[in-house]
Each structure stands twice: as structure tokens, then as C-alpha cells.
Amino acid sequence: MKTILNIVIKEFLQLKRDPILLRLVFLAPILQLLLFGYAANMDLNTVHTAIWDQDRTLDSRDLIERFQESGYFEIDRYADNYKQITNDINKGKVLCAIIIPHDFEKDIKTNHPAPLQAIFDGSDGNKTSIALGYIQGIAVNYANNILLKSSDKTGRKISIAGSIQPEIRVWYNPDLKTRVFMVPSIMGLILLITTIILMSMAIVKEREIGTLEQLIVTPIKPYQLILGKLIPFVILGFVDILLVQTVMVFWFGIAIRGSFFFLLFASFLFVLSTLGIGLFLSTISKTQQQAMMVAQFGIMMPFIYLSGFAFPIENMPKFFQYITYLIPLRYYITILRAVILKGAPFSDLIPETLILLIMGVLILFASARRFKKRLS
Amino acid sequence: MSLSSQKGNMNSIEVKNLTKKFGSFTAVDGISFNVKEGEIFGFLGANGAGKSTAIRILCGIIEPTSGDAIVGGYSVMNEPDKVKLNIGYMSQKFSLYNDLTVEENINFFGGVYGLIKNKLEDRKKWVLKVAYLEGKEKLLTKDLPGGIKQRLALAIAVIHEPKIVFLDEPTGGVDPISRRNFWELINELSHKGITVFVTTHYLDEAEYCNSITLINAGKIIASGTSKELKTKYLTNTMLEVECDRVVEALDIFSKQDWVEETSIFGNYIHISVEDENSARSLAEKTLKENNIKIIRMDKIVPTLEDVFIYLLEKDTKKNVK
């Protein structure tokens, strides 16, 4: 126990002397929070729009007003020919163009269907479909109002109740903000960095400068060495977790709906796997650069892409979906999102928790064995 | 019971038929030797000769394939942990933490060996004194001069007062004066009764050793004191020739069948010959034919380097056959 503490103290002293690493430990979480909290935003708040009002009537202006009032559309140009519209779309000045045809008001007054043309820059499919949704919403709303008004005028009750009106309630993330979805899972990334990259580099560094050899000839037992090396990075990881959660709750206003302690417990289970992977990396890398590169491309990339962190697993081809089962981050992120956003209790997350536990123990033990073998 | 009374009587290390195989490669091939308590034991050999493997076995890091060694009274086969407690080790790589201060290094390694409070403070004082670092314990280790670092590393390697210390090429990359000081420290340790097991590439350092063992291709090919090695193994005569146009002369000598070895030492040439008298006349005759003037030609005592080159080449030729 004393020997382990001795190594832990030494490790912290060394960290203290390494300003770059120290900054990395505390700035990386903040930076990632800012990146994923603000920059990585898939919400579409402003649709740059061009409008060609061929009708120029009360009704057409009324419709344009609806677009403006919705808050989503910013009308950058009132065009009067196709050439202008084509130009704006090609140059990327506007995402969509709305064209109100000549007989718009006349059609409405005569109870004919009034067509409305919308042209999109479809190069970003995701954005386009969101904007399309907005336009359809506004158009349907407008049409309903016309029906209501006309019923008032004629005195006949034209009910729109007959048509199906979905009443949509979005739970857990009512504003559908990307941030709410992203920020909780950042903890997974932060733990990846502190435990895998930093820890494997710390061990490889000792091998590089020759102190590992010195430690092997001392009475330090391999398990003491492993624990002494792991514990500091677990502590750092948890400090980072608390940091991220504080910012998440108090800055981004994303409350933790579920049990905070279960969250910490799940984080601990996840860390077992990542420490194991870090330990494994340290046995296959000869230099710190090597450890860094392997961690970046061999671990971080597949973890980020295949864990559901960035892309929905359901959209992946079957083959990749199977691979995701092997990635511990997948289960951790499921737990993070469920506990933080939905307030899910432990009983809903038993399979994920068990898998994390089993993976963690297996990976850590296998790596520790390999590490022990490599020592001699 | 004082240590000095035991010196020369008891074996500190006893190696019996030690063999280590890595797959089909035999790194250490059935070596046996003893190291007496308190002596400085030089373990020499080319890179890859099996030196490092042997040291690693003796330090309890790796298990031998067969055979055994008793180090400080404990078997490396059965009690490697006890062996580790009773030895110190310093490797050719600098073995302290550069990013820790002098004191933090002492505390860490002292702690590793279970030194606490008073004992640790006592030993800390001793380490600082030996490394000339009294009052400088807050300095970062990386800022120390090379020679001082080396002394600090050695002092820390024996912080727990082991009976045996292993030094694996401890003076690599250190200036000559620091090297000399370092060897004085090694001598001090030896006088205190600590057995020093040292490997080195510098043959002038080997002269400081009480006993030298030469290993090649996993086998011991010679052992004894420096004097014994020079007289026992090298039966040839060494002639030192001072003459004009040294390079040309060396070239001529190396083509003669009566010359076994040639080597150049500054402005002189060393030639190894079987019979002194015939060689003298042959040398004079040959050089005269080439218009090279001999200034001086003397029989000399061979250096350790002469002996080792001779022994290694002989052994390598034998192995090839």
C-alpha cells in the first residue's frame, strides 16, 4: 500500500513539473466542451432565403410575413427573376428560394390549390431537410388559417378537425438542441484522453528514459507498479469528470436528471477498460510518439465514430453495427445520455452496466498480464 | 564480526551452470563463476556477448533456463524478491527521474526500499554528501552536471545499503575526470565491504577491478586479475615499433606471415610475434627494404586491450570452425 502511494506521489510530482501535460489535462475538457457545446451544432437557426414575389398582393405579402415572423428565415434578397435566384444559390448566399406565383391570391380567393415553389441548395442534405420541414410547417399553418377565415366569411363551419393534427411533444430535449445531446457524452471522450493517451505515454516515457528498468530491479511488485501508475490517471479522469459536469450543469443548463452516484460508478467501470487499453498500448509502443499515434488512430477514431458519439449507430451498415458492440464507449455513452437526459434508473441500464464491468475486468486483467510479462 | 575479516573468504555471488535460452538462441551458455565479498568484479565482453542477460538473471529480473545463482545468500531461481531487496542496480541509462528534484528522487527510491523517517534522513544526508549536493537538494535532477548525476545515481542505488551493487556500464558519456572520481567512489564502497559487480567498455577502468571475467558468445573465455590475464593468456611477444611513415609500415607489417596481430597506438605500432629475436631481425630487414627508418623497437608488457583483442579473435575463430 505504501509502495503504491509512493509511486502515486511521484507521478503527481512529475505531472506538476510538466506544464504542457497539466494544461492538456485541464484545458482539453474545457476546449472540448466549447467545441461540442457551441461549434458542433447541427441545429439550423437561420435559413438564408431569397423570395421572388411574382404576385405582389395582400395574401402574398401576408405569407412572406409568416416566414419572417417564424424566426428561422432571414430574407436576404427580394428577387424579380430566376437568374438572380440561381446566382444566389450557386454562390451559397442563400440556402433556399421561395417563389410565389402570379395567381397566388386569385387561386386562394377562388378556392383553387395555390402552388408555392421552393428551390433548395441540397448540397447539405441535413440542412435542406430541416429547412424543408420549416417551410412545410409554415405553409400548412397558413393554409389552415385560410380555411378558418373562409369559414368565418361564408358562415359555414368548415372544420379542420377532420384532418389529423399531430400534437407533438418532444421529451428530454424539447428544443431538439444538438448541444443537449453532445455535451453529456463528452465525458466519455475526456476519460479516453486522460486514461488512454496520458497513461500509456507516462509508462512509455519511463521505458524511454530507462527508469522503468530501474524500477524492475527494485522490490516493487508488478501489481504495485501497475496500480501506482493507474491511480493518478483515474484521479485526474474523475477531476475532469467533475469539471465537465459542473460546466454542463451551471453553464449549459443541462441538469443531471438521474443518479449522480450511478453516473460516477458507470464512469469507474468504463475507466477499467480504458486503463486496460492504455496499459496495452504501453506494452506495444517503444516511444511516446508511437503510443500517441496508435492511441489517436487506433483507439480514439474508431471509438468516436463507432460509439454513437457522433453518428447514430442505427444508420450504420450491419457490419459496422456489429463492431460497435465491441466498443466500451458505446455502452458508456448510452448510460451517460440515459442518466443525464432521461433520468433513467440503474434498473433500466443493467445490461450496459454489466457489459462495461465484464469488458473492463477482462481488458484490464489481460493487459496487466501482458505488461507483467513484458517487464521481464 | 567485521566485514573486513570476511573479505576474501566468503563468496558474495556464486554462479553455477547458468544458462538462458531465448527460443533457439542461447544467450548465456552454462557459465559458472564466483565473486568474493567486497571485491570489484569486472564483467567484460562485446555487445551481445550475454553480459546484460547475465546481469538481469543475477538481479532477479529474469529466470534462468537452467542452473542457478546465489546472490547475497538468496537463490535467483527461488527467491528473486529477496535478491532484489539485497542488491543495488545502476544501469547505463541514467536511472533517476530528471523531472524530480534531488530530494524527491532520494525520497522516492528510499521509499521503494522501505526506508522511513530517521533512517531515510540519515541515508539522505549520506547520499547528498557523496554526490557533493549538500544544500542543493531542491535542484532539479536534469540541471545537474553529468558527473554529479552519475554519483547521485550510484549513491541512490545503494541507499538501502545492499551488500552487492550491479553497475551496468555506469560511466558511459562521462568526462575522464568525473570517471576517475566515480571510480574512487566505487573503491570506497568496496572498502566498506560492498561487492561491486561492474561491466564496462573502458579497458582502463577494468584495471581498477580486483578480478576480471571475459565473456564471449555466452561463454566465459578468460578470468583472473589484470596481471594474470596479461601473462597467462598472451604467450606471444609484443613489440612496440617507432618508425617513419607509420601508416605505410603498418600496412607492410600486416602483410607479413610472421606477424600475428598489428595495431597502431599513436605514433607507434604494436606487433604480436611468436619469437622475439627472429622477429626483430625480420622487422629491421623488411622496413629497410622499403626505406623506412626504425627509430626504436622495444618488447612491451601487453595492455588489457591487446589481451582482449587477442582472446576475442581466437575465440571467434574457434566458434566459426
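Residues numbered from 1 in each chain as written. Chains lettered and ligands numbered in written order. Predicted model: local features only at pLDDT ≥ 70, side-chain atom pairs only at ≥ 80, totals over all residues. Heavy atoms only, no water.

A. Up close: the overall build of chain A. For chain A, the helix and strand inventory stands at 14 helices and four strands. Taking 376 residues into account, the globule formula puts the C-alpha radius of gyration at 21 Å, and chain A, at 29 Å, lies well above it. Expressed along its principal axes, the backbone C-alpha trace of chain A runs to roughly 95 × 45 × 40 Å. When each of the 376 residues of chain A is scored for burial, the buried share is 46%. Contacts in chain A between residues at least 24 apart in sequence constitute 77% of all its contacts with a sequence separation of at least 6. Here chain A has roughly 19,700 Å² of accessible surface; of this, 64% comes from carbon and sulfur atoms. Taking the average place of the 37 positive charges on the side chains of chain A and the average place of its 28 negative ones, the gap between the two points comes to 14 Å. (Helix = DSSP H or I, 4+ residues; strand = E, 2+ residues; numbered from the N terminus. Rg over C-alpha atoms; globule rule 2.2 N^0.38 Å. Buried < 20%, exposed > 50% of the residue type's maximum accessible area, 1.4 Å probe, protein only. Contact = heavy atoms within 4.5 Å. Areas by Shrake-Rupley, 256 points an atom, 1.4 Å probe, with all protein chains shown as cover. Lys, Arg positive; Asp, Glu negative; His and termini not counted. Charge placed at Lys NZ, Arg CZ, Asp CG, Glu CD.)

B. Main features of the domain arrangement of chain A. When cut into domains, chain A gives domain 1 (2–40 + 178–375) and domain 2 (47–154). Once you take the C-alpha centre of each, domain 1 of chain A and domain 2 of chain A turn out to be 50 Å apart. (Domains from an automatic or database assignment.)

C. Broad picture of the nonpolar core. Membership of the largest hydrophobic core comes to 162 residues, with the highest contact counts inside it found for Tyr332(A), Leu58(B), Val71(B), Phe166(B) and Phe197(B). By residue number, the principal contributor to this core is helix 7 (residues 178–209) of chain A, which donates 18 residues. Setting aside residues no more than four positions away along its own chain, Leu58(B) makes contact with Ile13(B), Val15(B), Leu18(B), Phe33(B), Ala69(B), Val71(B), Val76(B), Val83(B), Phe166(B) and Phe197(B). Judged by nonpolar contacts, the second largest core, of 19 residues, contains Ile108(A), Ile135(A), Ile138(A) and Tyr142(A). (Core = buried A, V, L, I, M, F, W, Y, C linked by side-chain atoms within 4.5 Å.)

D. Layout of the sheet that holds strand 10 (residues 219–224) of chain B. Residues and elements named next belong to chain B. The strand order 6-7-8-3-9-10 describes an open sheet built from six strands, whose pairing is mixed. Each edge of the sheet is formed by a strand with only one pairing partner; in this case those strands are strand 6 (87–90) and strand 10. On average, each strand axis in the sheet is inclined to that of its neighbour by 15°, with strand direction left out of account. Relative to strand 7 (residues 164–168), strand 6 runs parallel, the two sharing four bridges. Bridging across to strand 7, Tyr89 finds its partner in Phe166. The strands touched by helix 7 (residues 176–191) within the sheet are strand 3 (40–44), strand 6, strand 7 and strand 8 (195–199), with strand 3 carrying the most contacts at an inclination of about 125°. (Pairing = 2+ DSSP bridges. Axes fitted to C-alpha atoms, helices over the stretch in contact; angles between N-to-C directions.)

E. Region of interest: the packing of helix 7 of chain A against helix 9 (residues 222–250) of chain A. Residues and elements named next belong to chain A. The geometry of helix 7 relative to helix 9 is characterised by a closest axis approach of 9 Å and an angle of 155° between their N-to-C directions. Classified by the interaxial angle, the pair formed by helix 7 and helix 9 is roughly antiparallel. Crossing geometry of helix 7 relative to helix 9 is assigned as right-handed. Every residue of helix 9 that contacts helix 7 at Val183, Pro184, Met187, Ile190, Leu191, Thr194, Thr195, Leu198, Met199, Ala202, Ile203 and Glu206 is listed here: Lys229, Leu230, Phe233, Gly237, Asp240, Ile241, Val244, Gln245 and Met248. For the contact of helix 7 with helix 9, the per-class residue count stands at 14 nonpolar, four polar and three charged. (Parallel < 35°, antiparallel > 145°, perpendicular 65-115°, else oblique. Left-handed = near helix turned anticlockwise from the far one by under 90°. Nonpolar A, V, L, I, M, F, W, Y, C, P; charged D, E, K, R; others polar.)

F. Quick look at the environment of Val198(B). Residues and elements named next belong to chain B. When you line up the elements, Val198 lands in strand 8. A residue is classified by how much of its surface remains accessible, and Val198, at 1% relative accessible area, is buried. On a C-alpha basis, the gap between Val198 and Gly60 in space is 16 Å, while along the polypeptide they are 138 residues apart. Each residue touching Val198, except ones within four places of it in the same chain, is listed here: Ile40, Phe41, Gly42, Phe43, Leu167, Pro170, Trp183 and Cys209.

G. Up close: the environment of Lys16(B). Residue and element names in this part refer to chain B. Along the chain, Lys16 turns up in strand 1 (residues 11–22). Judged by its relative accessible area of 45%, Lys16 is partly exposed. Between the C-alpha atoms of Lys16 and Asn181, which are 165 residues apart in sequence, the distance is 34 Å.

H. Fine view of the side chain of Thr353(A). With respect to the secondary-structure elements, Thr353(A) resides in helix 14 (residues 350–375). Discounting residues that sit within four places of it in the chain, Thr353(A) has contacts with Phe262(A), Phe265(A), Leu269(A), Ile335(A) and Phe346(A).

I. Focus on the sheet that holds strand 11 (residues 237–243) of chain B. All names here are of chain B. Judged by pairing direction, the sheet is antiparallel, and its four strands sit side by side in the order 12-13-11-14 without closing on themselves. A single partner strand is all that each edge strand has here, and the edge strands are strand 12 (259–265) and strand 14 (294–300). When strand polarity is set aside, the average angle formed by the axes of neighbouring strands in this sheet is 25°. For strand 12 and strand 13 (residues 268–273), the ladder comprises six bridges, and the chain directions are antiparallel. Within the sheet, the bridge partner assigned to Val259 lies in strand 13 and is Val273. Sheet contacts for helix 10 (residues 246–254): strand 11, strand 12 and strand 13; angle to strand 12, the most-contacted strand, approximately 165°. Running over the sheet, helix 12 (residues 304–320) touches strand 11, strand 12 and strand 13 and is turned about 140° from strand 12.

J. Highlighting the pattern of salt bridges. For the structure shown, the criterion picks out 25 salt bridges over all chains. Among the salt bridges present, the one from Asp88(A) reaches Arg77(A), with a minimum N-O distance of 2.5 Å. Of this pair, Asp88(A) sits in helix 4 (residues 82–90) while Arg77(A) sits in strand 2 (residues 73–78), and the two are 11 residues apart along the sequence. The class for Arg77(A) is partly exposed, based on a relative accessible area of 27%. Lys119(B) is paired through a salt bridge with Glu161(B); the nearest N and O atoms lie 3.0 Å apart. Pair noted here: Lys119(B) is in helix 5 (residues 117–130) and Glu161(B) is in the loop between helix 6 (146–157) and strand 7, with a separation of 42 residues, a long-range link. Lys119(B) sits in the partly exposed class, given a relative accessible area of 39%. The partly exposed category is assigned to Glu161(B), whose relative accessible area is 44%. What emerges from the salt-bridge pattern is a single network uniting Lys10(A), Glu11(A), Glu206(A) and Lys229(A). (Salt bridge = Lys/Arg side-chain N within 4 Å of Asp/Glu carboxyl O.)

K. Geometry of the packing of helix 5 of chain B against helix 6 of chain B. Residue and element names in this part refer to chain B. As a packed pair, helix 5 and helix 6 sit with axes 8 Å apart at the nearest point and diverge in direction by 150°. Relative to helix 6, the element helix 5 is oriented roughly antiparallel. Regarding helix 5 and helix 6, the two cross each other, and that crossing is right-handed. Judged by residue contacts, Trp126, Val127 and Val130 of helix 5 engage Arg151, Leu152, Ala155 and Ile156 from helix 6.

L. Summary view of a nonpolar patch on the surface. Residues and elements named next belong to chain A. Taken together, the side chains of Phe346, Ile350, Leu354, Leu357, Ile358, Val361, Leu362 and Phe365 present a nonpolar region at the surface, about 750 Å² in accessible area. Position of Leu354 relative to the elements: it lies in helix 14. For Leu354, a relative accessible area of 44% gives the class partly exposed. (Patch = residues over 30% accessible without salt bridge, like charges linked within 9 Å, V, L, I, M, F, W, Y side chains within 5 Å.)

M. Structural view of the state of the cysteines. Per the counting criterion, the structure on display carries zero disulfides over all chains. No disulfide involves Cys209(B); its sulfur sits 16 Å from that of Cys59(B), the nearest cysteine. (Disulfide = S-S within 2.5 Å.)

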